[in-house]
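Examination of the molecular architecture
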Amino acid sequence: MMKKKSIYASRASLVLILCQVISALDVPLDLLQPPTITQQSPKDYIVDPRENIVIQCEAKGKPPPSFSWTRNGTHFDIDKDAQVTMKPNSGTLVVNIMNGGKAEAYEGVYQCTARNERGAAISNNIVIRPSRSPLWTKEKLEPNQVREGDSLVLHCRPPVGLPPPIIFWMDNAFQRLPQSERVSQGLNGDLYFSNVQPEDTREDYICYARFNHTQTIQQKQPISVKVFSMDSLNDTIAANLSDTDIYGAKPVTERPPVLLTPTGSTSTKVELRGNVLLLECIAAGLPTPVIRWIKEGGELPANRTFFENFKKTLKIIDVSEADSGNYKCIARNTLGSAHHVISVTVKAAPYWITAPRNLVLSPGEHGTLICRANGNPKPNISWLANGVPIAIAPEDPSRKVDGDTIIFSHVQERSSAVYQCNASNEYGYLLANAFVNVLAEPPRILTPVNKLYQVIADSPALLDCAYFGSPKPEIEWFKGVKGSILRGNEYVFHDNGTLEIPVAQKDSAGTYTCVARNELGKTQNEVQLEVKDPTMIIKQPEYQVIQRYGQVSFECIIKHDSTLLPTIIWLKDNDELPDDERFLVGKDNLTIMNVTDKDDGTYTCIVNTTLDSVSASAVLTVVARPNPPFDLELTGQLERSIELSWIPGDENNSPIISFVIEYEDGLHEPGVWHYQTEVPGSQTTVQLKLSPYVNYSFRVIAVNEIGRSQPSEPSEQYLTKSANPDENPSNVQGIGSEPDNLVITWESLKGFQSNGPGLQYKVSWRQKDVDDEWTSVIVANVSKYIVSGTPTFVPYEIKVQALNDLGYAPEPSEVIGHSGEDLPMVAPGNVQVYVINSTLAKVHWDPVPLKTVRGHLQGYKVYYWKVQSLSRRSRRHVEKKILTFRGNKTFGMLPGLEPYSSYKLNVRVVNGKGEGPASPDKVFKTPEGVPSSPSFLKITNPTLDSLTLEWGSPTHPNGVLTSYVLKFQPINNTHELGPLVEIRIPANESSLILKNLNYSTRYKFYINAQTSVGSGSQITEEAVTIMDEVQPLYPRIRNVTTAAAETYANISWEYEGPDHANFYVEYGVAGSKEDWKKETVNGSRSFFVLKGLTPGTAYKVRVGAEGLSGFRSSEDVFETGPAMASRQVDIATQGWFIGLMCAVALLILILLIVCFIRRNKGGKYPVKEKEDAHADPEIQPMKEDDGTFGEYSDAEDHKPLKKGSRTPSDRTVKKEDSDDSLVDYGEGVNGQFNEDGSFIGQYSGKKEKEPAEGNESSEAPSPVNAMNSFV
């Protein structure tokens, strides 16, 4: 909230200033004028008798006036009193009391007269009275003995002082006595008790009277009060009191109200207008009465009515005649009411309606003096001239008195005089001086020349033109040097010459000229007006809620006129900031560090300039976790319940949301607190349920939005009585651990649930539907019992009952358990397999009899494995897969089968103990499927019009190949594809020479294999026919092949071109419009492993070389394998694999030894000769940083491995045709297989030599490949 002030804050204050200026139109002191009283002492002047008396009387006039005094109506000759002096050039008297004078000697009525040749002015009658503070009269005070519940008044009766003293009650320790609705002090100083209580007994009720003028305090003798209760009366003084005594045998009873003051039913009160009206009613009664005030026939005046002294005093300020009337006070309690009517009459001392004002007239002019006053009763008006009643004053023909008006006509210089108007009634008087000064003077302007006025835009501007002249001059205003006279509604012209611009704007600035003229002359004056931009707070401080010990900042960013220098002051609760280094005042902010609770409050930013002031405030609320509750009390103790109550701690400005009640069991778990219940924050009592045999303590935690309070102090302890257990153990189970036992378990009761000492359990069991009688045993406080010698897996009825030293718990409920399980006895029968397609089969079986399961039936497991591939007739290592089907299911689906293969399976039943015997193996075969893509495609021997294509058979033919389909099309310079040509090739072919091609043309080739089921996926490659017979030098990447697993794929390629090419692999989801993802290949390797792929997803891939713009391979498409449901078999942990690796390592060692011997003999190793003769990259040793072995070939059998026989270095096989997942049909599968069932691939049986380029491989060399070449 922002407030704004200026030096001209409001129109009301502006009018007040103007009225003051007009009424005080002064005659310049260099001109003749009668005296004017400027300062005088108050009419009723009470002085300190220990100090000098100063009676003020100051006046002005031309010539300077002389002064004289009267005392009690007669002339006071100060020259004859050595103790009295008059100040020089003043009429003020100083009575020297401190040097032996007595103030009492100077009591009286004083009046001052100031006189010069043009008249005499007089002061008010000043009544001088010295202050008095007399001592208390000696008196013997009897002790007050009063019965409990009675009323009591302790009288003060202070000495009469001048002025009256201020009364208050204190004790011997100078501590004020507490007051309330029951005990309070009256306006007369007495102390009233509506009813007394035992705690009112004391011997030091002391009334004090403070006299402010003399700064003394008088003390009354202490008053003793003894309050007797009825019990003490019966026990101590009953024997000494007669039956008729006031104290005798009367009980303390409630009483209706009775007024102690004022007495009677009515009273009157007279008050003077403008004073404060105080009305009082104090009542006795039990219970203590409550006071209410009304005005009969009207309402209590709003905004002027206040209630004090616990509503026993009605206070109306600034009373007027309209406040006269009957005021009723009503005292009420539960037994009745009492009332009193006070008739109030408001009288009035004289008050001005129109006070006479000074007249300045030129010779021959006319004028009037008006003196009008009012009062109750109506005042008398009388006139004096120069201090003398006008009836006996010298006559003046220009003067005529008409009641409250004096009329002057055709005045002359001798008409100058001072006139006094006196308005008086029985309640006081008014005296006013007003002179008539006859002068002939040309105009003069009293405002300084070129005075500068500065105001804020949109506020009033007042330009002064104080003037004097006789006759009274006329005033005109102009703006600018040659401006026209100012007129219109935008200006206000005041009688004292002031020009008001109600709303000054920027264009109001400039020079203003004031012109004053009368018949004796003319004069003018210029003033300057500047209009400034207002000061504004453009970012005010905002309401802040901060946690205790945090940091908070208030901003106060201002905008102001550049010519004004602002100062910023920060206040807290309208007072200065605390003197604390935590308060940091910046240029435009206030920061409070480490906030504490006492920093709560309103912070105000005040911006002051010389012309205006603006402010803005914001409230800071400091919040914290609540203080802990206190004063915990236990009431209503019962065997099974108790009531807990508490007093909330300070909520720290964040309302308490709830209370958490916790308990401690000092008997069973001392020091451990448990949750009991939670109640709303408005609740401070709660009924708590209790358990027997628990030693309870409680504590309460308050919760607000900030957090939880510290726990309260613990309550007193409460030990409940013992009882039978209320409940039995829970979670009772019977499960056998062996085929011939039954293990009964339960959750033991907690300590407080035992309800008494000696907690035990009665365990009972019987075989269901066999035994009629229960077998029972009582065990100690444990949670398990084992029954031995039971039949295998039979149901038992079980129950566990708690008991203690006092008895048993209620009868427990029964549960069904089973003795121990054994392995199933028989295998499922009638196993049937239905082949659905090349990768999916459905298996059926008959359920086994439940009796043969000998346990809880958990389901059936299907073991299945691939025997061989029908297309290759080669045996393979058998790795069984397992699918589990939960429950009593009699069929299941076998996904992920390989097409055109022979499988076996069997089925076993499963219970909690394990698996039963397997069913006889069932053989089934899968039909043909579509083949995988050809293992490679390479293009060689480019000529002007022909290209040679070579390809490898599919890694997974999935049936009998029927043919290959080759498609190709040219690619122009803008990478647009030409017409597509398709050629069907017999299945036994692996190469083709394409002729009649265009020279120097790039072609894109696609090839895929077919079975009787359909076409498999294709592989692509690009090649260019040459421009002439010279071998082209352009680089190229070809034969991009992939071997994919579930989440990764091995990418390999062949490169022809400049050395040291840096390759990269780009890939993405096939068919997606997303950008290609790019992976950089380290070094110049021709293989790369893509990781983090999604299982069962088709990807596109291509290879490129850095620095060769637009140079990359054709795209290849592959698909990752499905997510497998069962564990994946790591061949590195298989025994056969470990043995094979050991054999390979031994062979390598032997070869190295032979090589070393041959070299030492100077011979040449045949393998080295072959290596020198054929610099084929496929058979070159790998670089050390490749992490692979070098490959060597025997001289007589130099043949590459078949593409389909290679296994990627990660020992996984890429998925081909099946999209089915084991996860979709079963709950587990073991193993992952290569196509022929073994880890090491098949070897080629060809004996004939292949061309040199035939040694190239479309796969990257790997450690496994290297090992294969040694075998």
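The rules behind the values
The written sequence of each chain sets the order in which its residues are numbered from 1. Per-residue local features are limited, in this predicted model, to residues with pLDDT of at least 70; the limit for side-chain atom pairs, both in listing and counting, is 80 or more; totals at the level of whole chains, interfaces and linings are taken over all residues. Excluding hydrogens and water, the side-chain figures rest on all heavy atoms present in the structure. Under the scheme used here, helices are H or I runs from DSSP no shorter than 4 residues and strands are E runs no shorter than 2 residues, and both carry numbers assigned from the N terminus. Strands pair, by our definition, only if DSSP identifies at least two bridges between them. Every angle, taken between N-to-C directions, lies between 0 and 180 degrees, and every axis is a line fitted to C-alpha atoms, over only the stretch in contact when it is a helix. Per-residue confidence from the predictor is reported as pLDDT, which spans 0 to 100. Any two residues having at least one pair of non-hydrogen atoms within 4.5 Å are treated as being in contact. In this text, buried Ala, Val, Leu, Ile, Met, Phe, Trp, Tyr and Cys residues form a nonpolar core when linked through side-chain atoms within 4.5 Å. Partly exposed describes any residue whose relative accessible area lies between the buried limit of under 20% and the exposed limit of over 50%, with all areas from a 1.4 Å probe on protein chains only and scaled to the type maximum. What counts as a salt bridge is simple: a side-chain nitrogen of Lys or Arg found within 4 Å of a carboxyl oxygen of Asp or Glu.

Notes on unusual backbone geometry
- Backbone torsion omega between Thr 261 and Pro 262 reads -10°, so that peptide bond is classified as cis.
- Relative to the elements of secondary structure, Pro 262 occurs in the loop between strand E21 (255-261) and strand E22 (266-272).
- For the bond from Leu 286 to Pro 287, the omega torsion is 0°, close enough to zero to count as cis.
- Inspection of the secondary structure assignment puts Pro 287 in the loop between strand E24 (282-286) and strand E25 (290-295).
- Positive phi values are uncommon outside glycine, yet His 410 reaches one of about 50°.
- Within the fold, His 410 resides in the loop between strand E36 (405-408) and strand E37 (417-425).
- Of note, Asn 830 is a non-glycine position whose phi angle comes to about 55°, a positive value.
- By the element assignment, Asn 830 lies in strand E73 (residues 829-837).

Quick word on the sheet that holds strand E91 (residues 1087-1090)
- Read across the sheet, three strands follow the order E87-E88-E91 without closing on themselves; strand pairing throughout is antiparallel. Either end of the sheet is taken by a strand with one partner, and the two such strands are strand E87 (1036-1044) and E91. Strand-to-strand twist across the sheet, computed as the mean angle between neighbouring axes with direction ignored, equals 20°.

Re the sheet that holds strand E44 (residues 492-493)
- Judged by pairing direction, the sheet is antiparallel, and its three strands sit side by side in the order E41-E45-E44 without closing on themselves. Edge strands, defined here as strands with exactly one partner in the open sheet, are strand E41 (461-463) and E44.
- Where E41 and strand E45 (residues 499-501) come together, three bridges link them in antiparallel fashion. The partner of Leu 463 across the bridge, within E45, is Leu 499.

Observations concerning the confidence of the model for the chain
- Scored by pLDDT, the chain has a mean of 84; 84% of the residues are at 70 or more.
- Across residues 1162-1271 the pLDDT falls below 50, and counting only partners more than four positions away or on other chains, this stretch makes 252 contacts in the model.

Notes on the nonpolar core
- Among the nonpolar cores identified, the biggest contains 29 residues, and Ile 53, Ile 55, Trp 69 and Ile 128 are the most heavily contacted of them.
- Sorting the residues of this core by element identifies strand E3 (44-47), strand E4 (53-55), strand E5 (57-62), strand E6 (66-71), strand E9 (93-95), strand E10 (108-116) and strand E12 (126-130) as the ones contributing at least two each.
- With three residues, E10 is the largest single contributor of residues to this core.
- Setting aside chain neighbours within four positions, we find Ile 128 in contact with Tyr 45, Val 47, Ile 53, Ile 55, Tyr 106, Glu 107, Gly 108 and Tyr 110.

Section: the pattern of salt bridges
- Counted according to the given criterion, the structure contains 37 salt bridges.
- Lys 506 is paired through a salt bridge with Asp 533; the nearest N and O atoms lie 3.3 Å apart. Pair noted here: Lys 506 is in the loop between E45 and strand E46 (510-518) and Asp 533 is in the loop between strand E47 (521-532) and strand E48 (536-539), with a separation of 27 residues, a long-range link.
- We classify Asp 533 as partly exposed; its relative accessible area is 36%.
- In this structure, Asp 573 and Lys 572 form a salt bridge, with 3.2 Å as the shortest nitrogen-oxygen distance.
- Note on Lys 572: relative accessible area 13%, which makes it buried.

Section: the environment of Leu 439
- Relative to the elements of secondary structure, Leu 439 occurs in the loop between strand E38 (428-438) and strand E39 (441-445).
- A C-alpha to C-alpha distance of 6.1 Å links Leu 439 and Leu 361, two positions 78 residues apart in sequence.
- Once you skip the residues sitting within four places of it in the chain, Leu 439 turns out to touch Val 27, Leu 31, Leu 32, Arg 118, Leu 361, Ser 362, Pro 363, Phe 468 and Ser 470.

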